[in-house]
2 protein chains.
Amino acid sequence: MTEGHGDDIYRYSGLVKVNFSTNIWQYPDLSALKRFMASKLDFVASYPEPEPYSLEHRLADDIGIEYGQIMVTAGVTDAIYTIARNIAAGRRSGIVGPTFAEYADACSAAGVVYDYFGDAEEAAVKSDVVWICNPNNPDGRVIDAGGLAALIASRLSVMFVIDTAYSDYCRAEKLDVSTMAGHDNVILLHSLTKQCCVPGLRVGYLTASAENIRSLRRHRMPWAVNALASSCAEFLIDNPPVIPVDMLLAESKRMQCAMAAMGYDVTPSATNFFLGAVPCGSAAALKEWLVSRHGLLIRDASNFAGLSAGHFRIAAQRGDENDLLLDALKEWIGKYC
Amino acid sequence: MTEGHGDDIYRYSGLVKVNFSTNIWQYPDLSALKRFMASKLDFVASYPEPEPYSLEHRLADDIGIEYGQIMVTAGVTDAIYTIARNIAAGRRSGIVGPTFAEYADACSAAGVVYDYFGDAEEAAVKSDVVWICNPNNPDGRVIDAGGLAALIASRLSVMFVIDTAYSDYCRAEKLDVSTMAGHDNVILLHSLTKQCCVPGLRVGYLTASAENIRSLRRHRMPWAVNALASSCAEFLIDNPPVIPVDMLLAESKRMQCAMAAMGYDVTPSATNFFLGAVPCGSAAALKEWLVSRHGLLIRDASNFAGLSAGHFRIAAQRGDENDLLLDALKEWIGKYC
């Protein structure tokens, strides 16, 4: 696996006042979920279902697809690794990047050859399996649903893996899950972590045609999803936390503009998070300065394949917190550039 | 994965008075653990460590091995699948059986060819990787530690995977974990589920030489262990629940003798669980009769490769509960055989 994922706040215990390094809304009201968990602690004493049938049925009903078109996994990462292991020998992966490192890491672990491509069309021409994070991490780039659906329909021999983890953090139209589950050449990844702001639980799921799900289920191990995680997920279907998406998107836009005006190289983003680059020095130096001087944690994005030593990622938080970061970023550029 | 694992109590909700189908002690005092969990519910809102470093350090210290000689996994099943994926192309697995189905299932999923063998020596002669569950599930067979260590030392080109999940449920001498971690041809699997009676958590670990651990860690995905599970595991290192092993072993022996006297074909076992076979009819019929007439759930063991339709597995419980089962088994054999 790749070293240096986001939200490495555990490395800076006590230092961090505001965490801009994770893409997930950090202030959800999880009090009802915690009360629910407190009532379910007996879970430790029983095996979970060997496969999470109950949760799969609940999710399928909620989404409006068949039970045979869904597979629950221990987070989206587990889904990515399971898909990579299911790729037949000799088939090449094309990853639309720069993007989340796990698609490449999972392909490597499974012995699947992969290349990075700057756009989805080129990847589809030159690969058998195309991985697209949409909206994309780390830059918030969005391929519109219509264009994506047309590409999928035009390349029936290519398998498209679309990671929709951040689709609740932007206002772009989404691919229709039920329609997509009718196609044999697309798998959608869904993240409960991001949808419900519960990164500690490790629950995600994928939706695809019944034939693809049958094939993928053969690669999963029993008892993969912790029993508490599974029942929390059922609770969250009925009680999703509210994410203030419009506020986050407005703040993200405001920060992008302000930072561009300061002289940072900002990549326009349609989501709550976005990519910046320092005009001098390195993202690593900026990150260390921000956390040690101001207690503000950003994501050094230089380890994303295809990005430079100057790239960093920021997720917008609440207005006053964002002001703290903007002030600090202005101070830094004045001092060091 | 194999359908029909033990502890399928979730299929019989409301019906089961006593569950003999799981090998784990079912009445541990987990009240301190639950209080601890209730104080840790904020875990849902943060990512776990990408790899469970903290828990690995704590376990290594507790066992007296190096940090580089341990790898925490999402239960022993995850360890089994990770090992199978790490087996080089062309190397054959030998599984000492009949035994837990996951060794074979994990090999199948990873594309590794395997055979079953009746004893470990033969498996070691004819295979590159030998899987031994010791004590063995489902029959409670134990290979003594001295004999096993000698076999490992005599076959340096063979990798031995020894699943010690049930070693706390018998009084046989154990392999020394620290000594074994000095050998490059043995991996020991350890189950927190069984040691601490917490099947719902999904935490296990494996110990091996630093070189083998380095190689296995390359196959693990980030965030594999749920954050609550990880901190519970640390709590349990200091506060392990008490398992009344001597009582369970005495009850197991008593039941084995009583059932043999009734006419069941009992395989002698050194653990709390053991294998029986019906003298007529099928284990499936016996299981359904026991659960529907008496609310007693046993494990139909006919789906273990190498066992017959007549085989079932029983784990001894408390004396009065065992008496209920013995009475029912006597009634059944009188009625149907």
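Note that the coordinates shown come from a computational prediction; the quantities given were computed from them, not determined experimentally. (Residues numbered from 1 in each chain as written. Chains lettered and ligands numbered in written order. Predicted model: local features only at pLDDT ≥ 70, side-chain atom pairs only at ≥ 80, totals over all residues. Heavy atoms only, no water.)

What follows deals with the interface of chain B and chain A. Each side of the interface is counted separately: chain B has 50 residues, and chain A has 50 residues. Linking chain B with chain A are two salt bridges, by the criterion used here. With a shortest N-O distance of 2.4 Å, Lys34 of chain A and Asp42 of chain B are connected by a salt bridge. Across the chain B-chain A interface, the total number found is twelve residue pairs in polar contact (both at pLDDT 80 or more). Of all elements in the fold, only helix H1 (31-38), helix H3 (75-85), helix H4 (102-110), helix H8 (192-196) and helix H10 (227-238) of chain B reach the threshold of two or more residues within the side of chain B that touches chain A. (Contact = heavy atoms within 4.5 Å. Salt bridge = Lys/Arg side-chain N within 4 Å of Asp/Glu carboxyl O. Polar contact = N/O pair within 3.5 Å; in protein donor to acceptor, adjacent residues only side chain to side chain. Helix = DSSP H or I, 4+ residues; strand = E, 2+ residues; numbered from the N terminus.)

Attention now moves to the side chain of Ser269 of chain A. Of note, Ser269 of chain A is situated in the loop between strand S9 (265-267) and strand S10 (273-277). Once you skip the residues sitting within four places of it in the chain, Ser269 of chain A turns out to touch Asp139, Gly140, Lys253, Gln256 and Phe274 of chain A.

Enumeration over the complete set of coordinates arrives at 22 aromatic pairs over all chains. Measuring from centroid to centroid gives 4.9 Å for Tyr166 of chain A and Phe273 of chain A, while their planes differ by 65 degrees, and the two rings are edge-to-face. A residue pair is termed long-range when its members are at least 10 positions apart, and Tyr166 of chain A in the loop between strand S6 (159-163) and helix H7 (177-180) and Phe273 of chain A in strand S10 qualify at 107 residues. The buried category is assigned to Tyr166 of chain A, whose relative accessible area is 6%. Classification of Phe273 of chain A as buried rests on a relative accessible area of 0%. Cation over ring: Arg217 of chain B sits above Tyr67 of chain B, and NZ or CZ is 4.6 Å from the ring centre. (Phe/Tyr/Trp six-rings, centres within 6.5 Å; stacked < 30°, edge-to-face > 60°. Buried < 20%, exposed > 50% of the residue type's maximum accessible area, 1.4 Å probe, protein only. Lys NZ or Arg CZ within 6 Å of the ring centre and 35° of its normal.)

Moving on, we get to the pattern of salt bridges. Residue and element names in this part refer to chain A. All chains considered together, the criterion is met by 26 salt bridges over all chains. Linking Arg92 and Asp115 is a salt bridge whose minimum nitrogen-to-oxygen distance equals 2.8 Å. Taken together, the residues span a long stretch of sequence, with Arg92 in the loop between helix H3 (75-85) and strand S3 (93-96) and Asp115 in strand S4 (residues 114-117) at a distance of 23 residues. Judged by its relative accessible area of 33%, Asp115 is partly exposed. For Asp168, the salt bridge is made with Lys174, and the minimal N-O distance between the two is 2.5 Å. A relative accessible area of 23% places Asp168 in the partly exposed class.

Let us look at the packing of helix H2 (residues 53-63) of chain A against helix H10 (residues 227-238) of chain A. Residues and elements named next belong to chain A. Relative orientation of the contacting elements H2 and H10 amounts to 15 degrees, with a least axis distance of 9 Å. Classified by the angle between their axes, H2 and H10 sit roughly parallel to one another. In this structure, H2 meets H10 at a crossing whose hand is left-handed. Residues Ser54, Leu55, Arg58, Leu59 and Asp62 of H2 touch H10, and the partners they reach there are Ser230, Ala233, Glu234, Ile237 and Asp238. A per-class count over the contact of H2 with H10 returns four nonpolar, two polar and four charged. (Axes fitted to C-alpha atoms, helices over the stretch in contact; angles between N-to-C directions. Parallel < 35°, antiparallel > 145°, perpendicular 65-115°, else oblique. Left-handed = near helix turned anticlockwise from the far one by under 90°. Nonpolar A, V, L, I, M, F, W, Y, C, P; charged D, E, K, R; others polar.)

This part is about the side chain of Glu251 of chain A. Residue and element names in this part refer to chain A. Among the structural elements, Glu251 can be located in helix H11 (residues 245-262). The class of Glu251 is buried, set by a relative accessible area of 13%. Beyond its immediate chain neighbours, meaning those up to four positions away, Glu251 contacts Ala316, Gln317, Arg318, Gly319 and Asn322.

In this section: the environment of Arg35 of chain B. Residue and element names in this part refer to chain B. By secondary structure assignment, the location of Arg35 is in helix H1. Overall, the relative accessible area of 58% leaves Arg35 in the exposed class. Taking the C-alpha atoms as reference, Arg35 lies 12 Å from Asn239; in sequence the two are 204 residues apart.

Residues and elements named next belong to chain A. Sheet architecture is open: seven strands sit in the order S2-S8-S7-S6-S5-S3-S4, paired in mixed fashion. Each of the sheet's edge strands pairs with one partner strand only, and the pair in question is strand S2 (70-73) and S4. Adjacent strand axes in the sheet meet at a mean angle of 20 degrees, parallel and antiparallel pairs treated alike. Looking at chain direction, S2 and strand S8 (residues 204-207) are connected through four bridges and run antiparallel. (Pairing = 2+ DSSP bridges.)

Time to look at the domain arrangement of chain A. Residue and element names in this part refer to chain A. If you check the domain split of chain A, you get domain 1 (9-25 + 244-336) and domain 2 (43-238). Domain 1 puts 20 residues into the contact, and the matching count from domain 2 is 20 residues. Buried area between domain 1 and domain 2, summed over both chains or domains, comes out near 1600 Å², and the portion from carbon and sulfur atoms is 69%. Area buried by domain 1 at its contact with domain 2 is led by Ile24, Phe273 and Phe304, which between them contribute 32% of it. Linking domain 1 with domain 2 are one salt bridge, by the criterion used here. We note a salt bridge from Asp246 to Arg171, for which the minimum N-O separation is 2.9 Å. Between the two partners, domain 1 and domain 2, sit five residue pairs in polar contact (both at pLDDT 80 or more). Mapped by element, the contributors of at least two residues to the side of domain 1 that touches domain 2 are H11 and S10. In terms of residues, the side of domain 1 that touches domain 2 owes the most to one element, H11, which gives four residues. Its residues assigned to classes, the side of domain 1 that touches domain 2 comprises 13 nonpolar, five polar and two charged. (Domains from an automatic or database assignment. Buried area = accessible area lost by both parts, 1.4 Å probe.)

Turning next to the environment of Leu236 of chain B. Among the structural elements, Leu236 of chain B can be located in helix H10. In this structure the C-alpha to C-alpha distance between Leu236 of chain B and Asn303 of chain B, which are 67 residues apart in sequence, comes to 33 Å.

A separate point is the pairing of strand S8 (residues 204-207) of chain B. Each regular strand shows side chains that alternate between the opposite faces of the sheet. All names here are of chain B. Because side chains alternate across S8, one face comprises the buried residues Gly204 and Leu206, and the other comprises Tyr205 and Thr207, equally buried. Of the pairings in the sheet, the one linking strand S7 (residues 186-191) to S8 comprises four bridges and is antiparallel in character. By the bridge assignment for S8, Leu188 is matched with Thr207.

A word on the nonpolar core. Core analysis: the biggest nonpolar cluster contains 94 residues, and Phe160 of chain A together with Phe160 of chain B have the highest contact counts within it. With sequence-adjacent residues up to four places away left out, Phe160 of chain B is seen in contact with Ala124, Val130, Ile132, Leu151, Ile152, Arg155, Asn185, Val186 and Ile187 of chain B. If you look at the next biggest cluster of nonpolar residues, it comprises 42 residues, including Ala224 of chain A together with Cys107, Val112 and Cys197 of chain B. (Core = buried A, V, L, I, M, F, W, Y, C linked by side-chain atoms within 4.5 Å.)

Further remarks concern the sheet that holds strand S2 (residues 70-73) of chain B. Residue and element names in this part refer to chain B. With mixed pairing, the seven strands of this open sheet are ordered in space as S2-S8-S7-S6-S5-S3-S4. The open sheet is flanked by S2 and strand S4 (114-117), the only strands paired with a single partner. The sheet shows a mean angle of 20 degrees between the axes of neighbouring strands, direction not considered. Running at roughly 155 degrees to S7, H3 makes contact with S2, strand S5 (129-133), strand S6 (159-163), S7 and S8 of the sheet. Those strands touched by helix H6 (residues 145-154) are S5, S6 and S7, and its axis lies near 155 degrees from that of S6.

For the structure on display, the rule yields two disulfides over all chains. The residue that forms a disulfide with Cys280 of chain B is Cys337 of chain B, at a sulfur-sulfur distance of 1.9 Å. One disulfide, between Cys280 of chain B and Cys337 of chain B, carries an S-S torsion of -80 degrees and so falls in the left-handed class. One end of the pair, Cys280 of chain B, is in the loop between strand S10 (273-277) and helix H12 (283-294); the other, Cys337 of chain B, is in the segment after helix H13 (319-336), and 57 residues separate them in sequence. Since its relative accessible area comes to 46%, Cys337 of chain B is described here as partly exposed. For the unlinked cysteine Cys196 of chain A, the closest cysteine sulfur is that of Cys197 of chain A, found at 7.0 Å. Considering cysteine sulfurs only, Cys133 of chain B is the nearest to Cys107 of chain B, which forms no disulfide, with 14 Å between them. Since its relative accessible area comes to 0%, Cys107 of chain B is described here as buried. (Disulfide = S-S within 2.5 Å.)

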